[in-house]
Amino acid sequence: MTKKILILGANGFIGHHLSRRILDTTTWEVHAMDIAQDRLSEQLSHPRFHFFKGDIRLEQAWIDAHIQLCDIILPLVAIATPATYISDPLSVFELDFEANLPIVRATVKHGKRLVFPSTSEVYGMSTDEEFNPETTQLVYGPVTKSRWIYACSKQLMDRVICAYGQQHGLRFTLFRPFNWIGQGQDSLAAAHEGSSRVVTKFLYAILHGQPITLVDGGAQHRSFTCITDGVEALMRILADTSGLADGKIYNIGNPHNDVSVAELANRMVAIAAEYPALRESAAKVHFQALPGTDVYGSGYEDPRRRIPNIAAAKTDLSWSPEVGLDAALRSIFTAYDACA
Ligand code: UGA
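Residues numbered from 1 in each chain as written. Predicted model: local features only at pLDDT ≥ 70, side-chain atom pairs only at ≥ 80, totals over all residues. Heavy atoms only, no water.

Looking at an unreviewed UniProt entry, one finds the protein chain named Bifunctional UDP-4-keto-pentose/UDP-xylose synthase, with Pseudoduganella rivuli as its source organism.

Dropping the structure here:
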């Protein structure tokens, strides 16, 4: 059946990959908004892609009309870079929570289905071996550690959405990306300023033969997940007509790609050396260990480990991640190499 999907933040990392996959593999229509369109060149000429350039904070009338028009609402606009949680925590609360709340409420009002991005960060510094949406306690540091404003904002939105499900019958699915990586994640300009996430920062250092910073020595672990696997999980959530995904929270991550940040850095440098154009700069890279509070500021704290329990997504969506870490990293270098 043809569906109409509303994607707010369609030019973002998830939004541009997801909209392309929808147009390539389904007959669904995509209605989309973003403040920028530089990553949407393929989509913009597609007859089933309807784009409006605008800011979610200013365009309530357009958003309300399009929630009425569409079947599934995906509000993907958010700040998701830890450097900003420390340098400008209010902007994180204002965009990630305040600006998204009216969109959630309009989705309730019009009786539409909501698919909302939660985050692996909601688990905070839990020491559980695996993070489970049903059982893991959410552990944050003191209020002076502003790193947690993102996790708190997202957690509160998760709770508000669940409450709308309980009290107003909202049909919703929450998904929690675990360090999704891929081409087009953060811009290299953001990496230059220091505001991008780890893979783009390391890519920038490798391209310029600069030192790679290992925060707190790089002993902390993440489970890096290829964007193609993440988008496949989202496609299965969107395609669900059984109602099985309603009211569920899915961790979407790759537990087999659990590595330390130091290991990530080593692998990226080794893979870069496979590309003749990058070999010389990659050879100049060296590692420097710095305390997290020196790199980000005194509001920084960091989860030591973050492994997703993905049993619910496996059972309900018949989904499992397929792309190993090296293949995911190679796809990023190959995309860069093709544009260089
Ligand atoms: C991320 C972000 O909060 C969100 O993008 C997201 O919701 C969530 O977690 C996720 O993607 O699952 P984090 O994993 O800390 O948080 O994001 P990165 O900035 O990519 O950092 C990963 C690790 O690399 C951290 O331990 C950080 O200290 C380290 N790092 C980062 C370095 O060692 N060197 C750097 O130059 C940058």
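Quick look at the overall build of the protein chain now. Assigned secondary structure in the protein chain consists of 15 helices and 13 strands. Compactness check: the protein chain gives a C-alpha radius of gyration of 19 Å against a globular reference of 20 Å for 340 residues, within 12% of the reference. For the protein chain, the spread of C-alpha atoms along the three principal axes comes to 55 × 45 × 40 Å. Per-residue burial for the protein chain yields a buried fraction of 54% across its 340 residues. Contacts spanning at least 24 positions in sequence make up 76% of the contacts within the protein chain whose residues lie at least 6 apart. For the protein chain, the accessible area works out to roughly 14,400 Å², and carbon and sulfur atoms hold 52% of it. Within the protein chain, one finds 31 positive and 37 negative side-chain charges whose respective centroids are separated by 2 Å. (Helix = DSSP H or I, 4+ residues; strand = E, 2+ residues; numbered from the N terminus. Rg over C-alpha atoms; globule rule 2.2 N^0.38 Å. Buried < 20%, exposed > 50% of the residue type's maximum accessible area, 1.4 Å probe, protein only. Contact = heavy atoms within 4.5 Å. Areas by Shrake-Rupley, 256 points an atom, 1.4 Å probe, with all protein chains shown as cover. Lys, Arg positive; Asp, Glu negative; His and termini not counted. Charge placed at Lys NZ, Arg CZ, Asp CG, Glu CD.)

We now examine the layout of surface pockets. Counted as a void, the second largest pocket has a volume near 330 Å³. Lining the second largest pocket are 16 residues, and of these Pro133, Glu134, Cys162, Arg176 and Ile249 sit closest to its centre. Considering every element that reaches the lining of the second largest pocket, the biggest residue donor is helix α7 (residues 149–168), with four residues. (1 Å grid on protein atoms, 1.4 Å probe; cavity = no way out; pocket = protein on both sides within 12 Å on 5 of 7 lines; lining within 4 Å. Points joined across faces, edges and corners; volume = space filled by probe spheres on them.)

What follows is about the UniProt feature "domain: NAD-dependent epimerase/dehydratase" (unreviewed entry) in the protein chain. Here the UniProt feature "domain: NAD-dependent epimerase/dehydratase" (unreviewed entry) sits at residues 5–253. Along residues 5–253 the backbone is 41% helical and 19% strand, and the end-to-end C-alpha distance reaches 23 Å. (UniProt positions renumbered as here; feature names shortened; annotations may be inferred.)

Here the focus is the packing of helix α1 (residues 13–25) against helix α10 (residues 227–239). In helix packing, the relevant descriptors are the interaxial angle and the interaxial distance, both defined with respect to the helix axes. At a minimum axis distance of 10 Å, the contact between α1 and α10 shows a crossing angle of 60°. Judged by the angle between their axes, α1 and α10 are oblique. In the packing of α1 onto α10, the handedness of the crossing is right-handed. Between α1 and α10, the contacting residues are Phe13, Ile14, His17, Leu18, Arg21, Ile22 and Thr25 on the first element and Ile227, Thr228, Val231, Glu232, Leu234, Met235 and Leu238 on the second. By residue class, the composition of the contact of α1 with α10 is nine nonpolar, three polar and two charged. (Axes fitted to C-alpha atoms, helices over the stretch in contact; angles between N-to-C directions. Parallel < 35°, antiparallel > 145°, perpendicular 65-115°, else oblique. Left-handed = near helix turned anticlockwise from the far one by under 90°. Nonpolar A, V, L, I, M, F, W, Y, C, P; charged D, E, K, R; others polar.)

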